[in-house]
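# Observations on the model geometry
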Amino acid sequence: MPLTKSLLRYPGGKSQLTKFIKHLLDINNIHETYIEPFAGGFGLALNLLFDGSVKNVVLNDFDPSIYSLWYNILNNVDELIYKINTTNISIEEWHHQRDIHLEVKDNPLSIDNAYSTLFLNRTNVSGIINGGPIGGINQQGKYKLDCRFKKKVLIDKATEINKRKDSIYLNNLNANEFINKKLINYDPNDTFIFYDPPYFKQGKNLYMSFVRNKDHQQLASNIISKNKYNWITTYDIQDEIYQLYSGKSQTYTYSLNYSANVKRKAKEYLFANYETKIESFHNVKLIKIK
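Right, let's walk through the structure included here. These numbers were taken from a predicted model, which means no experiment stands behind them.

With that settled, consider the packing of aromatic side chains. On inspection of all chains with the given rule, the structure shows 10 aromatic pairs. With centroids separated by 6.2 Å and ring planes inclined at 55°, the aromatic side chains of tyrosine 115 and phenylalanine 119 adopt a geometry described as tilted. Separated by 4 residues within a single helix, tyrosine 115 and phenylalanine 119 lie in helix 6 (residues 111-123), roughly one turn from each other. Each member of the pair, tyrosine 115 together with phenylalanine 119, is buried. Within the aromatic cluster, the residues linked to one another by ring pairs are Tyr235, Tyr242, Tyr245, Tyr269 and Phe271. The side chain of arginine 164 reaches across the aromatic face of phenylalanine 50, ending 3.8 Å from its centre.

Encoded structure:
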């Protein structure tokens, strides 16, 4: 797993693209603001902020549960840390936190929503909030419930993020609304946007809030209409997505070269506005599609 500053384990997380994005920031001479309209785990943005690649990062996530965690890390970190410290990591607690989550998941400011989201993310298979517990209900699997819930690591991460809260800007908007209402607050000449929407094909199986097919069309239209900003967009390989962006943006496939002990190899579409300089770097290989 790639190292990340995030507290969340996130399906499809893009932290492994950190060096590639840093390179794009350098060759496009952008070091002020980095934006993720689908922030999710927010690991890549935090990497860029922590190492000084950019001065400010902007988080937007429409899901009230994901937003609640970031909100409480920035605004209520002591209580979040208290919950991390004092909660027993057990199947009984897993059931309890799942019940809490079902009750409060629509409240974007709730500390109970924030903690239950974190608890389920760290104790469920692949970090999927709606999934089942690591090791199974009877805890007979190879890995147990607490194997991804390292309290000191989580507390240290929350503390370090909170220290940088003045450079982190939170939003809880539909991505289309964010693009149309919030981008005007940022200088196009010194802003880089990484759109990483939920997968077109598998989004509904991985995310609590996912973009429906008709919304992908509106999203593509809004992204392309803001071509004065430097942006990239990544997607799973699907013909419907190719049709939305092809001929209106730079179009690539990209793949990630993993270490020898990792068997899988990711391949996705990457689109970019025509003004953004794009090139392969580090473990990211780009193939341009005409």
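So, on to helix 3 (residues 64-75). Compared with the 16 Å implied by 1.5 Å per residue over 12 residues, the 15 Å span of helix 3 between its first and last C-alpha is a close match. When you tally the buried positions in helix 3, you get 10 out of 12 residues, the bulk of the element. Looking only at helix 3, the buried set comprises Pro64, Ser65, Ile66, Tyr67, Ser68, Leu69, Trp70, Asn72, Ile73 and Leu74. One side-chain oxygen at the N-terminal end of helix 3 lies 2.8 Å from the backbone nitrogen of serine 65; it belongs to aspartate 63.

For glutamine 139, which is not glycine, the phi dihedral falls at a positive 55°. Along the chain, the position of glutamine 139 falls in the loop between helix 6 and helix 7 (151-163). Of note in this structure, histidine 282 is not a glycine but carries a positive phi near 55°. Tracing the backbone shows histidine 282 in the loop between strand 7 (267-272) and strand 8 (284-288). Taking the relative accessible area as the measure of exposure, histidine 282 reaches 52% and is therefore exposed.

Attention now moves to the environment of glutamate 240. Its location among the elements puts glutamate 240 in helix 11 (residues 239-245). Taking the C-alpha atoms as reference points, glutamate 240 and phenylalanine 200, 40 residues apart in sequence, are found 8.6 Å from one another.

So, about the environment of histidine 216. With respect to the secondary-structure elements, histidine 216 resides in helix 10 (residues 213-225). Residue classification places histidine 216 among the buried positions, given a relative accessible area of 0%. Counting along the chain gives 16 residues from histidine 216 to phenylalanine 200, while the straight-line C-alpha distance between them is 7.8 Å. Of note is the side chain of histidine 216, whose polar atom sits 2.6 Å from the side chain of tyrosine 235.

In the case of a regular strand, side chains alternate between the two sheet surfaces. Burial along strand 1 (residues 33-36) is two-sided: the face carrying Thr33 and Ile35 and the face carrying Tyr34 and Glu36 are both buried. Here strand 1 pairs with strand 2 (residues 56-60) via 4 bridges, running parallel. Across the sheet, residue glutamate 36 finds its bridge partner in strand 2, namely leucine 59. Handedness of the strand 1-helix 2 (residues 43-50)-strand 2 crossover: right-handed.

Glancing now at the pattern of salt bridges. Scanning all chains against the criterion turns up 9 salt bridges. Taking the shortest distance from any N to any O, the salt bridge between lysine 83 and aspartate 112 comes out at 3.3 Å. With lysine 83 in helix 4 (residues 77-86) and aspartate 112 in helix 6, this residue pair connects regions lying 29 residues apart in the sequence. Of the residues examined, aspartate 112 reaches a relative accessible area of 33% and is grouped as partly exposed. The partner of glutamate 160 in a salt bridge is lysine 163, and the shortest N-O contact between them spans 3.1 Å. Separated by 3 residues within a single helix, glutamate 160 and lysine 163 lie in helix 7, roughly one turn from each other. Overall, glutamate 160 belongs to the partly exposed group, its relative accessible area being 29%. If you follow the salt bridges from partner to partner, you end up with Lys14, Asp196 and Glu268 in one network.

About the thresholds
- Residues numbered from 1 in each chain as written.
- Predicted model: local features only at pLDDT ≥ 70, side-chain atom pairs only at ≥ 80, totals over all residues.
- Heavy atoms only, no water.
- Phe/Tyr/Trp six-rings, centres within 6.5 Å; stacked < 30°, edge-to-face > 60°.
- Helix = DSSP H or I, 4+ residues; strand = E, 2+ residues; numbered from the N terminus.
- Buried < 20%, exposed > 50% of the residue type's maximum accessible area, 1.4 Å probe, protein only.
- Lys NZ or Arg CZ within 6 Å of the ring centre and 35° of its normal.
- Expected span 1.5 Å × (residues − 1).
- Polar contact = N/O pair within 3.5 Å; in protein donor to acceptor, adjacent residues only side chain to side chain.
- Pairing = 2+ DSSP bridges.
- Right-handed = clockwise from strand over helix to strand, strands pointing away.
- Salt bridge = Lys/Arg side-chain N within 4 Å of Asp/Glu carboxyl O.

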